[in-house]
Number of protein chains: 2
Amino acid sequence: MKIAIAQLNYHIGNFEQNTTKIIATIGRAKAEGAELVVFTELSVTGYYPHDLLERKEFIEQSYSALDRIASHCKGIAAIVGGPSINPEPRGKKLFNSAFFMYDGAIQHVVNKSLLPTYDIFDEYRHFEPNRSFKVFDFGGKKIAITICEDLWDEQETQNEFGREKLYRLSPLKELSALNPDLVINISASPFSYNQENWRKNILIKNAIKYSLPILYVNQVGAQTELIFDGGSVFISKEGAILEELNYFEEDYRILDTETSVSNLQPESGTIEKIYRALVLGIRDYFTKMGFRTATLGLSGGIDSALVLVLAVEALGKENVRVLLMPSRYSSDHSVNDALQLARNLEVQYEIIPIQEMVASFEQSLSGIFTNLKNDVTEENIQARTRGILLMAISNKFGNILLNTTNKSECAVGYGTLYGDMNGGLSVLGDVYKTDIFRMANWINRDREIIPVNTILKPPSAELRPDQKDSDSLPDYDILDQILFNYIELNHSPEEIVARGFDELTVLRTVRMVNMNEYKRFQAPPILRISSKAFGFGRRMPLVAYYP
Amino acid sequence: MKIAIAQLNYHIGNFEQNTTKIIATIGRAKAEGAELVVFTELSVTGYYPHDLLERKEFIEQSYSALDRIASHCKGIAAIVGGPSINPEPRGKKLFNSAFFMYDGAIQHVVNKSLLPTYDIFDEYRHFEPNRSFKVFDFGGKKIAITICEDLWDEQETQNEFGREKLYRLSPLKELSALNPDLVINISASPFSYNQENWRKNILIKNAIKYSLPILYVNQVGAQTELIFDGGSVFISKEGAILEELNYFEEDYRILDTETSVSNLQPESGTIEKIYRALVLGIRDYFTKMGFRTATLGLSGGIDSALVLVLAVEALGKENVRVLLMPSRYSSDHSVNDALQLARNLEVQYEIIPIQEMVASFEQSLSGIFTNLKNDVTEENIQARTRGILLMAISNKFGNILLNTTNKSECAVGYGTLYGDMNGGLSVLGDVYKTDIFRMANWINRDREIIPVNTILKPPSAELRPDQKDSDSLPDYDILDQILFNYIELNHSPEEIVARGFDELTVLRTVRMVNMNEYKRFQAPPILRISSKAFGFGRRMPLVAYYP
């Protein structure tokens, strides 16, 4: 069977744009002789609409978009994802559904059985799970439709009480009993660099286990924090990957299920994947919010340097302007490194020294602060003065402020709320400092884009004389490993110590993570590239006892 | 049967404190001749621990606390809430359970069947639902234990596709078939002023329907945003409320199920309830975070006036200090009204005019802003300068900054991010402006605490000459009704217009709400007093198409 794979990027709630894109792709697939074109999970609404699903007008718009799309399915069939209303008098009022359209109408509705409700997923909040299974005939084949998590019935629990299974039901087991010829899975699986092979392995394992070919069609594009990476694949019943679509961009391909031969993407390294994910994350945030231009503060340090490189790649150098805001504690080399980078990347830059504004605050507060020693207060005034200046640029010129905090800092609270934690989007909030060094070196692989001095000098916030990050924090190579064990792997402090880390360092690190929930509560949305990012997917009580 | 009702306030994750409190109450109940003492849902951990439930060490601590508590149940039984591990190899790894303890050990574990996963509730994220039912004998009676939502099987769906039922199962129907003599329900039901009678009605309806007495024991105290109001009740099988415990404070009472007669709380008005809820919310935030003192900016306007009154009630006048930060646009009467209030409440105050710092910013930006008109940029610089000053006080003296934004402003984005939106806790972010006027008048019912001029003058941000809120916003009495229809009632713009509101005003208001998700994303936690507060219970996509 000739099937068109439509790996597209959708805008949540933009029914007009999503529908137009889907209808155009149906037209193209038909013109190219496809019998069926497959779109992704909740394609008509965009994934994930969250509580927009509770709004009646949203569901009505979704149904009319689906009807409009179905009217174009003449001489070709399409599978389109969208919410459907549960006809039963009890249970959640919606299903997460795949609509099979043919002859100008919706012919079948297949509902999702396994509803991920962990990490960044909230599907049971809105959807009733499916409990009955069917396959149907099309083009001489029996087709079984599944939706994303439906193939993940072997998913292990997210906690550590044993390596057991999260779900009680196996949709593929139920469906295989109905003897399908082909399994189609429409998905919205977000990227995470430390689970990249897991997805393919699950698909291959299932194809072999049930001796069934699987067509997996995944969405691409970023939705606030989440970055969907595409990489749709067709897998033979022997478990061989025969087709693989592009990563981090829209793609479209006609597949012949009978004659397909191996057509795979080149392998790329983890750092390159993260880089491409972040570029897509920035670009889609701007495009989908209707913004064009960005600003950020360039300190001469590695974090802001990396954000600038990413922003220029995502938005174009003409759409990024930077501000250098040296204080009396800024070293000459910091200013020079920042200038060099701005020139290397040919972005507009301005310099505003902050000393006068800081002095004005200190003067105004001197009456109240009489006889009190300088402390973090004065450091924060500097960071917050910079925050005001950047937001003034943002307000005056409509440039969105990009936040430059990295995951290591964000974890331990090494940053100033309403100061350097400002921004519309956190670009690096899910990237550990050690990976930031790796990415900077990767960016410089052919020529020096980021000044080498920026990469080599010891990290410093430069908020007091001779300050270094290592004055207050463990070395990043140790810190990041402890954080990864605690956050991504969810290990207890005792387990981390048992893996060979110094006990006091572990306890101090864990304590810093826990005590700074209040700062992260007010952080910008963070582009997610790992299996456990700060934000929506990690819900810790702010008010709690953290020993 | 003599049952002690333990309506207590717990600290999430503070096993030592929660356990000590529970054991002390068991001792008291035993000394006073009770046969059984009933605690609330997840009492040993505090409700709601969120993703702490995914941490192995958290569950281990919880189990050892439960064992310690059980060892004190000699000559008395206790029902204590806590997570229990699901012994099955498939499904979520935890149940939300009630532990029945007697003879120094856990005798029965009853698991929750209906897991609320909507609004502020996330229970299916962590728990497997119970599917089997049992009653057991104690003290010559057959007892059926249920947990909170288990009695809410008639819950209607949260959306508007019809008035149907959220759950497929009715635990009370299953249990009543086992002929219990008494239903005990352990709960963690948060307060919301517009659902206050709903809870009692559900309990009464169930008691009558199944002809069973119901003892409902609810937790009290605030957990970040959520305010639990207590108000535990015992209801006869005829549906009469025989005992009712205090609201918004810990309470304890011995109930004789055979001889109990009507012992109810006095009715109080909605505004008074909201006031008590907010005071509890502030007090518990501070107590449980280990903070003692607060600060806020006093503008002479009604919002900051109200926050100050609430803070003084919650923390004591000696623990609150305020800052007056007049600009060149502040009217004399604003400064005088603020001073008068500070004096009326006898709190420490300081005055720092902001003009010099604002001028310093404008001077530093003048090169970049050459030939550009003044706009919201300059207004925001004022608000952000105040934000820096307040955070400097907070940093230097350890006073937590209270945010003074109200729900109407928060909804339409009438506020400055990193400026007046700063704070550790938003006190009024779920209180509409019209209710703020009502509460100010209620506070002044006996004498003028809040200067009358503060209440009577037209609301203004005073960020430019002669500015009034009504320049940019509909009148608050109209605005608040539209917002309530859109946010609390989830009505579509069309439905709101059909209720008699001006179409352009409705569309403009809805648009302002939708376009400001990005500001609310970075807002402080908001004390929740309504059925739909901004924050954790209202999850809207930030990047989406909002027409």
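No experiment lies behind these values; they were computed from the predicted model shown.

Our focus in this paragraph is the sheet that holds strand S3 (residues 77-85) of chain B. Residues and elements named next belong to chain B. Here we have 6 strands laid out as an open sheet, ordered S5-S4-S3-S2-S1-S14, and mixed in their pairing. Pairing within the sheet leaves two strands with one partner each, and these edge strands are strand S5 (105-111) and strand S14 (251-256). Direction aside, the axes of adjacent strands within the sheet are offset by 30° on average. As paired elements, strand S1 (residues 2-7) and S14 share 6 bridges and run antiparallel to each other. Note that in S14 the partner of Ile-3 across the bridge is Leu-255.

For the rest of this paragraph, the subject is the packing of helix H8 (residues 355-365) of chain A against helix H9 (residues 376-397) of chain A. Residue and element names in this part refer to chain A. H9 packs onto H8 with a crossing angle of 130° between their chain directions and a minimal axis gap of 10 Å. Here H9 runs oblique to H8, going by the angle between their axes. Between H8 and H9 the crossing geometry is right-handed. Listed contacts from H9 to Met-357, Val-358 and Phe-361 of H8 are Ile-381, Gln-382 and Thr-385.

Let us look at the interface of chain A and chain B. Contact residues are listed per partner, giving 81 residues for chain A and 81 residues for chain B. If you list the elements that add at least two residues to the side of chain A that touches chain B, you get helix H2 (56-70), helix H5 (270-289), H8, H9 and helix H17 (517-521) of chain A. Top contributing element to the side of chain A that touches chain B by residue count: H9(A), with 11 residues. For the side of chain A that touches chain B, the class distribution of residues is 37 nonpolar, 22 polar and 22 charged.

Residue and element names in this part refer to chain A. Spatially, the 6 strands line up as an open sheet ordered S5-S4-S3-S2-S1-S14, and their pairing is mixed. Strand pairing shows two members of the sheet lacking a second neighbour, strand S5 (105-111) and strand S14 (251-256), which therefore form its edges. Neighbouring strand axes in the sheet, compared pairwise and without regard to direction, differ in orientation by 30° on average. The sheet strands contacting helix H1 (residues 15-31) are strand S1 (2-7), strand S2 (36-38), strand S3 (77-85) and S14, and the helix crosses S2 at an angle near 145°.

If you rotate chain A by 180° and push it 0.0 Å along the axis, it lands on chain B with an RMSD of 0.0 Å. The operation mapping one copy onto its partner corresponds to a two-fold rotation axis. Of every C-alpha in chain A, the one belonging to Gln522(A) sits nearest the axis of rotation, 2.2 Å from it. The share of interface residues of chain A whose copies in chain B are also at the interface is 100%, consistent with both copies meeting through the same surface.

Quick look at unusual backbone geometry now. Across the junction of Tyr47(A) and Tyr48(A), the peptide omega takes the value 15°, indicating a cis bond. Tracing the backbone through its elements, the reader meets Tyr48(A) in the loop between S2 and H2. Of note in the backbone geometry, Asp103(B) takes a positive phi value of approximately 55° without being a glycine. Of note, Asn371(B) is a non-glycine position whose phi angle comes to about 70°, a positive value.

Attention now moves to the domain arrangement of chain A. Residues and elements named next belong to chain A. Here chain A is described as being made up of domain 1 (2-112 + 186-260) and domain 2 (276-473 + 516-521). Just the C-alpha atoms count here: the centres of domain 1 and domain 2 sit 39 Å apart. Taken together, the 8 residues of domain 1 in the interface contact 7 residues of domain 2. Those elements that provide at least two residues to the side of domain 1 that touches domain 2 are strand S10 (220-223) and strand S11 (226-229). Here the side of domain 1 that touches domain 2 is composed, by residue class, of 5 nonpolar, 2 polar and 1 charged.

So, on to helix H7 (residues 332-345) of chain A. Residues and elements named next belong to chain A. Helix length check: H7, at 14 residues, gives a terminal C-alpha distance of 20 Å against a target of 20 Å (1.5 Å per residue), a fit within 8%. Residues Ser-334, Asp-337, Ala-338, Leu-341, Ala-342 and Leu-345 constitute the buried set of H7. Looking straight down H7, one finds that the buried residues subtend no more than 130° of arc, so they occupy a single side. For H7, the exposed residues set more than 90 degrees away from the buried face come down to Asp-332 and Arg-343. Packing partners of the buried residues in H7 comprise helix H6 (302-315), strand S16 (320-324), strand S17 (348-351) and helix H12 (452-456). Positioned one or two residues after H7, Glu-346 has a phi angle of 55°, which is positive.

Before going further, it helps to spend a moment on the pairing of strand S8 (residues 182-187) of chain B. Residue and element names in this part refer to chain B. Extensive coverage of S8 is indicated by the burial of 6 of its 6 residues. Alignment of strand S7 (residues 141-147) against S8, held across 5 bridges, turns out to be parallel. Its bridge partner lying in S8, Ile-145 is registered against Ile-184. Where S8 meets strand S9 (residues 214-218), 5 bridges bridge the pair, whose relative direction is parallel. For Asn-185, the partnering residue across the bridge sits in S9 and is Tyr-216. Once the chain exits S8 it traverses helix H4 (residues 196-210) before rejoining the sheet at S9, and the crossover so formed is right-handed.

We now examine the nonpolar core. Ranked by internal contacts, the top residues of the largest apolar core, which has 341 residues, are Val38(A), Leu308(A), Ala311(A), Val38(B), Leu308(B) and Ala311(B). Every residue in contact with Ala311(A), bar those within four places of it in the chain, is listed here: Ile282(A), Ala294(A), Leu296(A), Val320(A) and Leu402(A).

Our next topic: the environment of Pro458(A). Residue and element names in this part refer to chain A. Its location among the elements puts Pro-458 in the loop between H12 and helix H13 (469-472). Residues Pro-458 and Ile-302 lie 156 residues apart in sequence; the distance between their C-alpha atoms is 9.9 Å. Sequence-distant contacts of Pro-458, that is, excluding residues within four places in its chain, are made with Lys-468 and Ser-470.

Those residues of helix H8 (residues 355-365) of chain B that sit buried are Met357(B), Val358(B), Ser360(B), Phe361(B), Ser364(B) and Leu365(B). Angularly, the buried residues of H8(B) cover 155° about the axis, an arc narrow enough to put them on a single face. Of the surrounding elements, those touching the buried residues of H8(B) are H8 and H9 of chain A together with helix H9 (376-397) of chain B.

Moving on, we come to the pairing of strand S17 (residues 348-351) of chain B. All names here are of chain B. Where strand S16 (residues 320-324) meets S17, 4 bridges bridge the pair, whose relative direction is parallel. By the bridge assignment, Leu-324 is partnered in S17 with Ile-351. With respect to chirality, the unit in which S16 leads through helix H7 (residues 332-345) into the neighbouring parallel S17 is right-handed.

How each quantity is defined
- Residues numbered from 1 in each chain as written.
- Chains lettered and ligands numbered in written order.
- Predicted model: local features only at pLDDT ≥ 70, side-chain atom pairs only at ≥ 80, totals over all residues.
- Pairing = 2+ DSSP bridges.
- Helix = DSSP H or I, 4+ residues; strand = E, 2+ residues; numbered from the N terminus.
- Axes fitted to C-alpha atoms, helices over the stretch in contact; angles between N-to-C directions.
- Parallel < 35°, antiparallel > 145°, perpendicular 65-115°, else oblique.
- Left-handed = near helix turned anticlockwise from the far one by under 90°.
- Contact = placed C-beta atoms within 7 Å.
- Nonpolar A, V, L, I, M, F, W, Y, C, P; charged D, E, K, R; others polar.
- Least-squares fit on C-alpha atoms with pLDDT ≥ 70 in both.
- Domains from an automatic or database assignment.
- Expected span 1.5 Å × (residues − 1).
- Buried ≥ 20, exposed ≤ 12 C-beta atoms within 10 Å, placed from the backbone.
- Arc of directions from axis to C-beta.
- Right-handed = clockwise from strand over helix to strand, strands pointing away.
- Core = buried A, V, L, I, M, F, W, Y, C linked by C-beta atoms within 7 Å.

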